[in-house]
Number of protein chains: 2
Amino acid sequence: MHHSAPLVLLSLLCVLFGVDGGKVLVFPLDGSHWVNMKVLIEELHSRGHNVTVLRASNSWYIKEESPLYNSITIPNTGGFDEEFFGLLINRLLKIKKEGNSIWNRIQLEYEIIMKFKSMYEEMQQMMDRVLGDEKIMNSIQDAKYDVVLADPGAGGGAILAYKFNIPLVFNVRWTIHGEGHFAIAPSPLSYVPVPGAELTDKMSFLQRVKNVLTYFFTQFQIALVAEPIFTSFCLKHFGPNVNYFSLFQDADIWLMRNDFTFEFPRPTMPNIVYMGGFQCKPAKLLPKDLEDFVQSSGEHGVIVMSLGTLITQLPQDVTNDIAAAFAQIPQKVIWRYTGPRPATLGNNTLLVDWLPQNDLLGHPQIKVFVAHGGTNGVQEAIYHGVPILGLPLVFDQPDNLFRMEAKGTAKILDLATLDRNVFLEALKEVLHNSSYRENMQRLSRLHHDQPMKPLDRAVFWIEFVMRNRGAPHLRTQSFRMSWIEYHSVDVILTLTATLFIFAFLIIYVIRYLFRVLFKKKVKCA
Amino acid sequence: MHHSAPLVLLSLLCVLFGVDGGKVLVFPLDGSHWVNMKVLIEELHSRGHNVTVLRASNSWYIKEESPLYNSITIPNTGGFDEEFFGLLINRLLKIKKEGNSIWNRIQLEYEIIMKFKSMYEEMQQMMDRVLGDEKIMNSIQDAKYDVVLADPGAGGGAILAYKFNIPLVFNVRWTIHGEGHFAIAPSPLSYVPVPGAELTDKMSFLQRVKNVLTYFFTQFQIALVAEPIFTSFCLKHFGPNVNYFSLFQDADIWLMRNDFTFEFPRPTMPNIVYMGGFQCKPAKLLPKDLEDFVQSSGEHGVIVMSLGTLITQLPQDVTNDIAAAFAQIPQKVIWRYTGPRPATLGNNTLLVDWLPQNDLLGHPQIKVFVAHGGTNGVQEAIYHGVPILGLPLVFDQPDNLFRMEAKGTAKILDLATLDRNVFLEALKEVLHNSSYRENMQRLSRLHHDQPMKPLDRAVFWIEFVMRNRGAPHLRTQSFRMSWIEYHSVDVILTLTATLFIFAFLIIYVIRYLFRVLFKKKVKCA
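Calculation criteria
Residues numbered from 1 in each chain as written. Chains lettered and ligands numbered in written order. Predicted model: local features only at pLDDT ≥ 70, side-chain atom pairs only at ≥ 80, totals over all residues. Heavy atoms only, no water. Contact = heavy atoms within 4.5 Å. Buried area = accessible area lost by both parts, 1.4 Å probe. Salt bridge = Lys/Arg side-chain N within 4 Å of Asp/Glu carboxyl O. Helix = DSSP H or I, 4+ residues; strand = E, 2+ residues; numbered from the N terminus. Nonpolar A, V, L, I, M, F, W, Y, C, P; charged D, E, K, R; others polar. Least-squares fit on C-alpha atoms with pLDDT ≥ 70 in both. Pairing = 2+ DSSP bridges. Axes fitted to C-alpha atoms, helices over the stretch in contact; angles between N-to-C directions. Buried < 20%, exposed > 50% of the residue type's maximum accessible area, 1.4 Å probe, protein only. Parallel < 35°, antiparallel > 145°, perpendicular 65-115°, else oblique. Left-handed = near helix turned anticlockwise from the far one by under 90°.

## Structural notes on the interface of chain B and chain A
- With 44 residues of chain B at the interface, the matching set in chain A holds 44 residues.
- Summing both sides of the interface, chain B and chain A together bury roughly 4,000 Å²; the carbon and sulfur share of this comes to 70%.
- Summed over the shared surface of chain B and chain A, the number is 4 salt bridges.
- For Arg467(A), the salt bridge identified is with Asp449(B), shortest N-O distance 2.7 Å.
- Of all the secondary-structure elements, those providing two or more residues to the side of chain B that touches chain A are helix H8 (205–238), helix H17 (454–468), helix H18 (483–486) and helix H19 (489–524) of chain B.
- Of the residues in the side of chain B that touches chain A, the class split is 24 nonpolar, 11 polar and 9 charged.

## Points about the relation of the copies chain B and chain A
- Overlaying chain B with chain A gives an RMSD of 0.1 Å, the required rotation being 180 degrees about an axis along which the chain moves by 0.0 Å. Overall, the copies show the geometry of a two-fold rotation axis. In terms of proximity to the rotation axis, the leading residue of chain B is Thr268(B), whose C-alpha is 2.6 Å off the axis.
- Here 100% of the interface residues in chain B have copies in chain A that are interface residues too; the copies meet face to matching face.

## Digging into the sheet that holds strand S1 (residues 23–27) of chain A
Residue and element names in this part refer to chain A.
- Read across the sheet, 7 strands follow the order S3-S2-S1-S4-S5-S8-S9 without closing on themselves; strand pairing throughout is parallel. A strand with exactly one partner marks an edge of an open sheet, and here the two such strands are strand S3 (70–74) and strand S9 (272–274). Ignoring strand direction, the axes of neighbouring strands in this sheet form an average angle of 20 degrees.
- By the bridge criterion, 3 bridges tie strand S4 (residues 147–150) to strand S5 (residues 168–172) in an arrangement that is parallel. By the bridge assignment for S5, Leu149 is matched with Val169.
- Packing of helix H5 (residues 134–143) onto the sheet brings it into contact with S1 and S3, and relative to S3 it is tilted by some 150 degrees.

## Notes on helix H13 (residues 375–384) of chain B
Residue and element names in this part refer to chain B.
- Here H13 lies mainly inside the structure; 9 of its 10 residues are buried.
- For H13, the set of buried residues is Thr375, Gly377, Val378, Gln379, Glu380, Ala381, Ile382, Tyr383 and His384.
- Where H13 is buried, its residues meet helix H12 (357–361), strand S13 (366–371), strand S14 (388–390), helix H14 (397–406) and helix H16 (434–448).
- Following H13 by one or two positions, Gly385 adopts a phi angle in the positive range, close to 70 degrees.

## What about the pattern of salt bridges?
- For the coordinates displayed, the defined rule picks out 34 salt bridges over all chains.
- Two residues, Arg208(B) and Asp490(A), come together in a salt bridge whose shortest N-O distance is 2.5 Å. Here the residue Arg208(B) occupies a position in helix H8, and Asp490(A) occupies one in helix H19 (residues 489–524), the pair thus bridging two chains. Of the two residues, Arg208(B) and Asp490(A), neither departs from the other in class, the shared state being buried.
- It is possible to trace a salt-bridge network through shared partners that takes in Asp250(A), Asp252(A), Arg475(A) and Arg480(A).

## Thoughts on the packing of helix H4 (residues 102–132) of chain B against helix H6 (residues 156–163) of chain B
All names here are of chain B.
- Where H4 contacts H6, the axes come no closer than 11 Å and their chain directions differ by 25 degrees. The angle between the axes of H4 and H6 places the two elements in the roughly parallel class. Helix-helix and strand crossings are classified by hand; for H4 and H6 the assignment is right-handed. Only Gly156, Ile159 and Leu160 of H6 make contact with H4, whose side of the interface consists of Met127, Val130 and Leu131.
- Split into classes, the residues belonging to the contact of H4 with H6 amount to 5 nonpolar, 1 polar and no charged.

## Overview of the pairing of strand S10 (residues 302–306) of chain B
Residues and elements named next belong to chain B.
- By the criterion of burial, S10 is predominantly enclosed, with 5 of the 5 residues buried.
- Pairing geometry for S10 and strand S11 (residues 332–336), over 4 bridges, is parallel. Across the sheet, residue Val304 finds its bridge partner in S11, namely Ile334.
- Two elements, S10 and S13, share 5 bridges in a ladder whose sense is parallel. Within the sheet, the bridge partner assigned to Ile303 lies in S13 and is Val368.

So, in structure tokens, the structure goes:
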């Protein structure tokens, strides 16, 4: 009899969540995005759902065989150009150090944009192959998936969801159409900073001008790079009446990989579910040798440094400066670093190929996180309340760190002007000025003070969509409208015209009456 | 040992919710709004919080003595004019039946607006007395409240929260500044219907024109009625630098008394927490006599009719028509009705002074709810999945029912054109066309499919504000801006002007070069 308790609990959970064994088709993006998607897949798998992942044959990260999912492999030759992006930071630094040549900078920016354009073209070609592959199409048709879970940084999820009329959930921060919110929620440019503008929600007049210009530049870039590719794809496969961006904006739920401890407050939508920090977990025990190293730091504590997976190497002079600065402090340092050993390295610094970042950041001995500002790392720092010394490189990293700086939880350094003294002073400031830690701990408390864990919330809404075949009651009608309709331009023009006509009529009548009266007066006189 | 389990549970709850014995100052609105506020007070009381309610000495509903709260009584003579609003429906019907005289209708509309104006003036005079009463002011000062919980249909909550620098939570659907969302969230008029316009989120061009015009009319009304009163109050007490509507929009959390099973999807804000249906509970057993009556209906089931607390009497001919229609159906009817017994009343109809509405609507025998469309009744109908035959009277009732009609869960009748046949046909349609019930049951399922009960969510966020002294990270900067700044009008004008100047310069240069070339040509020739 006593053994029935777990069963009762399990059946209670089944009643609570109402779905057992749903079928999920996952359309991920490769690289660091996959790390996030996998967290959702693990959770879905553990709740008894059947997950199928669409992967490119040449994927870096997404394995064909996994106990968590079945996979459908699509032949592909393109994808993320690791070499190009790996060397990007060195080229950027070179341009910055050589006196900020604007022409070189524009050229590099153009190269990055064209790199994304070719990535989008490859995505579209891959989708061409998928839609043309009868075997894959039949297998998707026959499987009768309950939901498509997609990363909208790739365009394919929305296409398959439309093609097979399956409800669609996005795991999103960036989309092929820009930042997630900007793709569906009203974003008044007067207090919502555009990604890339490095502004806060409190802007001066000139900052607002900068924000508007950045917005137009971003829209121009999207119109130039992403739109034509996906529009022509839709025209080819679905005819002229299907607009790709409407398909895309029509997603049932947007699981947003941030929250308002990270993001500035801004308008949102009923079908945006914030799951910032969903990948974070309480720290587990460190491996014995690492724990011994951490404990050996005593009262001074430990600094953790990692610049993420994408950028493998910094220029050697930068590396030497950082190592030399580390050598001068009493703290111990754990540095994720794969290049040649810097000559200036101190005894207090441990170089590692890989580190258990979440478990380290959750260790009470960790004082500062030296980071590049990728979303995952910043979220983990918020989760564990560790202040950041930021070395932003590319993409959203400057913006992520800028948000932390505005909230008093991080200090940002420019790699281009960095030397050992600048780095040392900044490190000491974050170590010894207690406001950084206090602010980050406050942010951490706010982040944890939620009625439900972000991962549980995310999975609740995926299962909601499966249970209810979508979430149409949470989706607005906005994206079915043209720009002119959405902004009521036609209505305003009509009303203004009507007003003018009335005004003219009234003036005409008054003038007429006036003349009659005037004539009378003339007669009288 | 076994008795410790509840204690463990209690302390677990305390850890989970982190507050014990907070101090809450409640600034309610009287009448049906108090019914809602009391649900929150009961819950706060049961969780060990200390609640103090500010009440007017002549309050209808809010008792001075209660086991749930302490009260502070403010001398008052004004308040809600029960007689005026009680007779309103009779006057409205008279106007409508007498051939829709627009002039009479405008006159009545004007009277209603002026009635609200005098209510706002009385509110302000009451607040004058509060702020001038040293004893009350000292008692509030000394009590050190953790949060003000206010109904923004009254203006006083925001004033006290500002005066004593206490975090502010609104229990809101309507405010002195219009519908709650329209007071703080972007509301594109192209797909967000303005209250009173009786439109959906899918509008034709002409409907969008109507929506924009209704919006301007509403804003005009607010500017005419509410703004001057509260602005002059703020000027008098806080000086020229404090804008009342900024105080008001600065509330930390807006507990919104609806959700998207009721409302059409629209933009929202991070500090809006939806608690629609928070007052609903699973049905309790009915009193023996009522249960016997309900069971006697057999396979035909029961119809429940109630037109709310405000409108006490319908014109006698309407009442007779309704009673006659009821007499012709095989269902039993329970009718909340306090007037003289209609001559046409059938044996199947039970007249009652009061009915346990929630328990009745939750009874499986109930087939249709004949209702005036007050928010509480509609929420209860959604909660229990009972379709509605609507007889909207005033205020938000037509809009509430219109939403239900658009979702296929209600049929609306116009009291002005109602006769026994029209009523009977409509009743039969809602009874026998299964789509009404199916749609309402679907809405009910969606409403119940939430990760957390609405009341728990509401109390979580009140306690969140108490724990964290507000929720500034969820509040946007928008209301600190002028209209021109918010809409970036200054930035757009500046950029346009710059563009024009550049264009003129370029044209000028080209013309100059052209002339030079032309002159050369002339010389050559």
